[in-house]
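# Structural overview for review
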Amino acid sequence: MTGAAPSVPVVLLTGPEAAGLHLAGGLGGKAGPLRQLAALGLPVWPGLVLLPPGTAPARLPPPWLEAMHRALATLPLAGGPLAVRSSAPEEDGEERSFAGQFRTLLDVPADGLEGAVLELWRAVESEALAAYRRLTPPGAPASPCPPLPPLLIQPMLPAAVAGVAFGADPVSGRRGVTVIQAVAGVAADLVAGRVGGDRYTLDREGRVLEQQPQQAGQPLLEPAALQRLGQLVRQLGRLLGRPQDVEWAIDGHGQLWLLQVRPITGLARLVDPDGLAALWDNSNIVESYPGVTTPLTFSFARKAYTEVYQGFCRFMGVPEERIQRHRGVFATMIGFHQGRIYYNLLSWYRVLSLLPGYSLNAPWLEQMLGVQEALSPEVRAGLRLEPPTRPLRDLAALALALVRLLGNALGLERRRRAFRRRLQAVLLGPAALESLGDARPDELVGHYRRIESQLLRRWDAPLINDFYAMVLYGLLGGLLRRWGLDGEGALLQRWITELGAVISAEPHRRIVALARPLAADPALVRLLEQGSLAQIRAALAERPPLRDGISAYLEAFGDRCLGELKLETRTLRDDPLPLLRSLAAAARPLPPPAARPAPAPPPGHPLQRLLLGWLRRRLRRLLCERENLRFERTRVFGQARRILLELGRRLSALQLLDHPDDVLFLEVEELLAVVEGTGTCSDLRALAGLRRAAFDRQRQAPALPRRFRTRGIPALDGPPPAGEAAGGGSGGAAGAAAGREQWQGLGCSPGLVRAPVVRVADPAAWLHQPRPDLGVRPILVAQSTDPGWVLLFPHAAGLLVERGSALSHVAIVAREVGLPMVTELAGISALLADGDEVQLDGCRGRVQRLRRGADGR
């Protein structure tokens, strides 16, 4: 008899009648799992299940009573007292256990069975149970009022020892331990919380981590019984797919029995503190990927980081087999949290540990990433991917690496030339770019694959140049401080001003040059400030020289825009309005240039001056090339963007996507796989729709903290709200007191300027807004910047930035064009109000509020 309930609704828990009923969900939340385990041969204490009628009867039909007593006669301890428990379908669930809400009756005499059954069915309508159903946990649906529950009826087990056991710690969330509590006799008082009992904690191998007997030196469970119980609880978790909350008993003969088994309620909401630790930080990467970004951008960036830093390790002499052994670590160097890109700092340290001289290299890594809170040497040592070698062998490897570094330094110019030749060969010219609109999907994929194989996987020159620039910057700054020549760092900042032919400064210079003739045409300037794009284009059609100059700018620098590394960004070619607004700002009369300290010759005695002068010249050249090579990165990303967006148009035309820009919500390999025939998703529309909805939610969510920690699966241990970051504050010295009038940050570009401030939360929107002439250029205040901020320079008298570094793109360009800048001013956007007048000292990194504006607080 299987499937539907029998005419006499009494089935043995371990009998064949129960099998089909369990599959139909007919045995309820308590009896169903026990039936499943009994069928697998596990030691389930026998019993029977009484299936319910539609409504509670006043009396049980005599055939039912007779069937129950016949079934009970076949069980152990026949004729003895009974335990009668409800087994409602909603009981013992993963999110809601209903623990203690349904009645359980113990020590029921055989002749009192009918009364016990009726009492439990009447208890379903209790007010306490109704109130529990109204207590809905987060994310759980409200519990409807169910029909009568099945009842589990078992002989009372005369236990010598009984208790509860958890396949994970229900309080801390640790999945790698088993927690056992035990009392002498039955466990009713323990389950009700009236007594504590012995407590044991075991690891996965069964080793006892903690033992707390109620009577010192007299544990209730012998080691063999403890091991057997621990193994059984872990086995249950494996069989049922998640850690279980188990009620158990050991009889007088030493036999272990299962009485109840259910999922540990709420465990899914607890983070496993033993899970893999991750430390997420967006200190510098926020300059490249500000705000929320799309799956297409993240997947492109993740692939680039993976390939580029494997190449860097090869350059540093790490054996290929070691790189491949730890390939998974390279793939986790950046992460994606609520649509925002973060460094996974512990993966960076692990990659760094592959290099010789790991302990010496860590400060360089922290400087490169802009990390404010360094890890302790002990923590860093625990992140090694390979066992440490003997000191002499490590020293020899470091010496060999230094020789290699010297050789690569001598050959760096050759690498730069080879890299630029590859760029010339791979990147498409203007005519070929225009013809992308006619290319087949497979041709577009071919163009992308060439960029990937010839450039992204061979990004040696930019990365090596960056490495040497960081090393020399740290070395030069360290020598100046050690010799007492530059305590505040101002001298070093002056030394890396005016680097020469820096391509990053060229957009600003061109904007200024294009704007110079506009001073004689105030009507056009007003139109550029406040007009629509269509109106401005109509006016430019009557001014061919200006129109052609703007076209030449867009041809050269159309990809240098706000958020330029984000593939979803509309470039200046798509939307030139920000450029036109900047032309108008540059056409206004310029204020006197900010006071800048005169260049200082190297101080110190002759040998010091000789060394410092040489280091200074080398560093300036490296920083110049760093900016120029990073502009080449902008070009590479720009072409990749055009190719991938063109693929989106093809898929939309083929009705595989609803809109061309839905391609932004696919990952790069998913997109290419559609064309290459290796994809696994046939419904790209639905996939893109789900991700677009998530993207829209993420854009509305509050900003995330600069730094936070996770354990285990990061999505389950997501970042705290901004301002509650784990692992320390956000750096800088702006301070949290709203009444403060002076702040100390990091001077990035020298100059002394006094002006009102304007806070810029969304630079793209800020540039699009009509901008009337205020009579004075303000000091712009922002949380972060990116290379596209060059478009805001004509609007600004100075920059105050919460996060950044002296070697950021914006800082370098600011120095080149003479725009004073201070960064590392944590919280300054919230501490200043629009219209506040401040004095900015870009040399010493000092900011002082001189007067509160009309909106001041």
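Structure: see above.
Here the residue index of a chain counts from 1 through its sequence in written order. Where totals are concerned, whole chains, interfaces and linings use all residues; where local detail is concerned, this predicted model gives features only for residues with pLDDT of at least 70, and gives and counts side-chain atom pairs only at 80 or more. Side-chain measures were taken over the full set of non-hydrogen atoms in the model, leaving aside hydrogen atoms and water.

## Digging into the overall build of the protein
Runs of E in the DSSP output that reach at least two residues are strands. Runs of H or I that reach at least four are helices, and both are numbered from the N terminus. Looking only at helices and strands, the protein has 31 helices and 23 strands in total. The buried share of the protein, reckoned over its 857 residues, is 53%. The contact criterion used throughout is that any non-hydrogen atoms of two residues lie within 4.5 Å. Residue pairs at least 24 apart in sequence account for 70% of intrachain contacts in the protein once pairs closer than 6 positions are excluded. Throughout, the Shrake-Rupley method with a 1.4 Å probe supplies accessible areas, and for residues the shown protein chains are the sole cover considered. Of the accessible surface of the protein, which amounts to about 37400 Å², a share of 56% is contributed by carbon and sulfur atoms. Using a 1.4 Å probe on the protein chains alone, a residue whose accessible area is under 20% of its type maximum counts as buried, one over 50% counts as exposed, and one in between counts as partly exposed.

## Examining the sheet that holds strand β6 (residues 159–166)
Strand order in the open sheet formed by 6 strands is β9-β8-β7-β6-β10-β11, and the pairing between neighbours is antiparallel. Here the strands that pair on one side only, and so sit at the sheet edges, are β9 (208–212) and β11 (256–263). The average angle at which neighbouring strand axes cross in this sheet is 15°, direction not considered. Paired strands are those between which DSSP finds at least two bridges. Judged from the 7 bridges that link them, strand β10 (residues 244–251) and β11 form a sheet pairing that is antiparallel. Paired with W248 across the two strands is L258, which belongs to β11. For helices, the fitted line uses only the C-alpha atoms of the stretch in contact; every axis is such a line through C-alpha atoms, and the angle between N-to-C directions lies from 0 to 180 degrees.

## As for a nonpolar patch on the surface
There is a patch of nonpolar side chains on the surface, built from W483, L611 and W614 and spanning about 290 Å² of accessible area. Mapped onto the secondary structure, L611 falls in helix α26 (residues 606–653). Of the residues examined, L611 reaches a relative accessible area of 37% and is grouped as partly exposed. Note that patches include only residues with greater than 30% relative accessible area and no salt bridge, and the join distances are 9 Å for like charges and 5 Å for nonpolar side chains (Val, Leu, Ile, Met, Phe, Trp, Tyr). Salt bridge, as used here, is a side-chain nitrogen of Lys or Arg placed within 4 Å of a carboxyl oxygen of Asp or Glu.

## Considering helix α7 (residues 223–240)
Its 18 residues give α7 an end-to-end C-alpha distance of 26 Å, which sits within 8% of 26 Å, the value for a rise of 1.5 Å per residue. Of the residues making up α7, those classed as buried are A225, L226, L229, G230, L232, V233, R234, L236, G237 and L240. In this scheme, a helix's expected span is set at 1.5 Å multiplied by one less than its residue total.

## Details of the nonpolar core
In these notes, a set of buried Ala, Val, Leu, Ile, Met, Phe, Trp, Tyr and Cys residues joined through side-chain atoms within 4.5 Å is what counts as a nonpolar core. Counting 149 residues, the largest nonpolar core has W789 and L799 as its most contacted members. No other element matches the 15 residues that α26 contributes to this core. Not counting residues within four places of it along the chain, the set of residues in contact with L799 comprises I779, L780, W789, F793, V810, L819, P820, M821, V822 and L840. By size, the runner-up hydrophobic cluster in this structure holds 32 residues, among which are A38, V44, V49 and W248.

## Some thoughts on the environment of A39
As for its position among the elements, A39 is in helix α2 (residues 28–39). The exposed category is assigned to A39, whose relative accessible area is 52%.

## Re the packing of helix α3 (residues 62–73) against helix α4 (residues 113–122)
For the pair α3 and α4, interaxial distance at closest approach is 11 Å and the crossing angle is 110°. Considered as vectors, α3 and α4 are oriented roughly perpendicular to each other. Our pair here, α3 against α4, has a crossing hand that is right-handed. Side by side, α3 and α4 meet where W64, L65, M68, H69 and L72 of the first sit next to L113, E114 and W121 of the second. The cut-offs work like this: below 35 degrees is roughly parallel, past 145 is roughly antiparallel, 65 to 115 is roughly perpendicular, and the gaps in between are oblique. For any helix crossing, the convention is left-handed if the near helix is rotated counterclockwise from the far helix by under a right angle, and right-handed if that rotation is clockwise.

## Observations concerning unusual backbone geometry
Backbone geometry places Q338, a non-glycine residue, at a positive phi of 50°. Despite not being glycine, Q655 has its phi angle at roughly 65°, a positive value.

## A word on the pattern of salt bridges
Counted by the stated rule, this structure contains 57 salt bridges. In this structure, R449 and E669 form a salt bridge, with 3.3 Å as the shortest nitrogen-oxygen distance. On the criterion of sequence distance, the pair formed by R449 in helix α18 (residues 441–454) and E669 in helix α27 (residues 668–676) is long-range, its members being 220 residues apart. Its relative accessible area of 22% is what places R449 among the partly exposed residues. Of the charged contacts, one joins E625 and R621 as a salt bridge, the two residues approaching to 3.3 Å between their closest N and O atoms.

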